[in-house]
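Below, each chain spelled out in residue letters.
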Amino acid sequence: MPIAILVPLYLGLAALPLTLAWIQDLPRRPFPDELASSLGLVSLAMILTEFFLLGRFRSITRRAGSDVIMRAHQRLARVALVLAVVHPFLYVSPMSAPPVWDVSSQTALNYSWEGFWPGIAAWLLLAGLVAMAIARDASGMPYAVWRLLHGLVAALVAGFGVLHVLRAGRYSADPLLGWVWIVFFACAMGALLYVYLVAPLLRGRHPWRVASVRPVAERTWAVTLRPDFDGGLDYQAGQFAWLNIGHGVFSLNENPFSISSAPSAGPDVEFTIKELGDFTRSIGQIQPGSRAWLEAPHGHLSHVGHEDAPGIALIAGGVGIAPLLGILRELAGTDDPRPTVLIYGNRRQSQIVAPAELRHLAAQHGTEVEHVLSEPDETWTGATGLIDASLLRRHFDTDARREWLYVLCGPPAMLRAVKADLLALGVPASRILSELFVYD
Ligand SMILES: Cc1cc2nc3c(=O)[nH]c(=O)nc-3n(C[C@H](O)[C@H](O)[C@H](O)COP(=O)(O)OP(=O)(O)OC[C@H]3O[C@@H](n4cnc5c(N)ncnc54)[C@H](O)[C@@H]3O)c2cc1C
């Protein structure tokens with residue numbers, strides 16, 4: 001779904017309950033009370049919409065990118081929290097109407113404990129949920145445990161929130177709005193169930209096995225999987241998968257990794273994985289033959305769909321080479337005639353992944369390859385420093401290359417700088433694709 005559709009769709013969903021409240025034309029209360037209700041309605045609608053922004057629904061992430069959707073999920077959760085925090089205080093501001101017991105909910109809120117406690121529970125849990133997400137890395141909690149808790153608490157926030165609005169809400173006493181909340185909640189829970197139950201069940205029909213694990217650079221491994229079923233994965237070069245090795249199909253122990261192999265090379269799927277934490281540091285111990293599961297394909301980082309680009313520039317930092325290696329292999333494997341440039345930055349020479357294959361691919365496909373090292377030793381004769389504006393100008397400052405497709409993958413600071421430099425060179429934003437390996 002293109003961003004031009006996603007954004008209005010999101011705004012429409014977030015504003016739907018407020019719009020349905022507005023058209024009820026109930027007697028107006030003091031402004032702070034109306035504002036309090038509005039913030040509560042919008043906040044709950046945003047919380048329910050968060051369940052569709054999990055980065056797992058291809059129809060939503062395909063065009064915008066999973067990283068963009070996940071960032072939107074995180075930022076919008078914080079906005080919803082601010083609205084929810086302010087919501088109850090406005091009712092008791094000095095300018096608000098004094099609380100009135102009104103079981104018909106026609107002129108005021110239903111100030112009953114029955115209506116309040118779910119709201120208080122949702123309010124406290126939501127604050128805890130966002131705090132837990134922000135402090136995830138610092139907490140040291142294993143990622144799988146964190147994900148389980150995050151999903152459970154989010155479902156509770158949604159459930160208590162909807163119960164609160166149905167029991168205490170003045171506008172939500174309206175049958176139409178009441179039903180909208182119930183359907184909204186059911187869809188949100190359906191999204192969660194799909195990710196944690198239905199998708200794993202479907203995945204269970206497509207088991208994989210580890211075919212090989214081999215070192216390809218300093219603290220970096222190539223892991224190859226072979227399908228244990230007839231067929232393979234239908235993916236585009238450069239996309240990524242959620243990889244689960246050695247756990248059950250329902251396990252939450254899965255991590256996202258870009259696919260480094262080329263679809264045209266056959267059914268085996270390869271990943272290039274750098275040691276970082278608990279799972280990635282154990283890659284070297286994985287035994288060939290181990291069971292593996294793939295939730296894939298995801299992501300938009302691919303040259304497919306950009307056939308009109310006259311050339312392709314691949315710009316990688318560190319393990320960001322993983323998806324670009326897949327694209328390069330696919331371009332060579334399908335004899336794509338377009339000119340290609342690979343700019344590949346690392347700190348040390350020992351971190352360059354598959355240097356011999358890169359040389360071979362360059363020769364076979366005519367790719368210009370430029371390695372850039374920021375901490376070279378004295379034997380290094382290539383470019384040094386960072387991938388900066390002058391290096392990019394040297395390769396891309398021509399009218400013909402401005403219309404190329406630029407595919408970027410690497411650390412956030414590198415992506416920001418390279419994107420800005422390319423835009424300054426006159427490359428249109430629509431010609432720049434990038435993917436972050438971190439969601440924060
Ligand atoms: C779209 C995408 C593609 C990626 N492709 C590659 C690749 O090709 N090669 C590569 O080496 N790395 C890639 N990564 C990064 C890789 O997912 C993390 O390095 C890996 O998950 C770390 O797991 P760990 O258990 O070793 O580290 P931990 O110590 O558990 O975690 C280190 C950090 O990694 C992140 N992380 C851990 N587990 C997950 C998870 N399940 N989901 C999301 N983030 C997590 C968290 O921010 C965490 O703080 C990619 C990330 C994304 C989002």
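Quick notes on the rules
Residues numbered from 1 in each chain as written. Predicted model: local features only at pLDDT ≥ 70, side-chain atom pairs only at ≥ 80, totals over all residues. Heavy atoms only, no water. Helix = DSSP H or I, 4+ residues; strand = E, 2+ residues; numbered from the N terminus. Expected span 1.5 Å × (residues − 1). Buried < 20%, exposed > 50% of the residue type's maximum accessible area, 1.4 Å probe, protein only. Contact = heavy atoms within 4.5 Å. Polar contact = N/O pair within 3.5 Å; in protein donor to acceptor, adjacent residues only side chain to side chain. Pairing = 2+ DSSP bridges.

Describe helix α9 (residues 321-333), listing the residues and the values that go with them.
Taking 1.5 Å per residue as the helical rise, α9 with its 13 residues ought to reach 18 Å, and the 18 Å between its terminal C-alpha atoms agrees with that figure. For α9, the tally of buried residues reaches 12 of 13 residues, placing the bulk of the element in the interior. Summarising the contacts, the buried residues of α9 are in contact with β4 (255-258), β5 (269-274), β7 (312-317), β8 (340-346), α10 (355-365) and β11 (405-409). Among the residues trailing α9, Asp335 stands out with phi positive, at a value near 50 degrees.

Could you give an account of the environment of Arg338, naming the residues involved and the relevant values?
Relative to the helices and strands, Arg338 is located in the loop between α9 and β8. Taking C-alpha positions, Arg338 is 9.2 Å from His365, a pair spaced 27 residues apart along the chain. Here Arg338 is in contact with His303, His306, Glu307, Ala309, Pro310, Gly311, Ile312, Leu331 and His365, once residues within four sequence places are set aside. Engagement of the side chain of Arg338 in a polar contact is seen with the side chain of Asp336, the distance being 2.9 Å.

Give me the sheet that holds β8: which residues, what numbers.
A sheet is described by the order of its strands in space; here six strands give the open sequence β10-β9-β8-β7-β11-β12, paired in parallel fashion. Strand pairing shows two members of the sheet lacking a second neighbour, β10 (383-384) and β12 (432-435), which therefore form its edges. Direction of pairing for β8 relative to strand β9 (residues 368-373): parallel, over a ladder of six bridges. By the bridge assignment for β9, Leu342 is matched with Val369.

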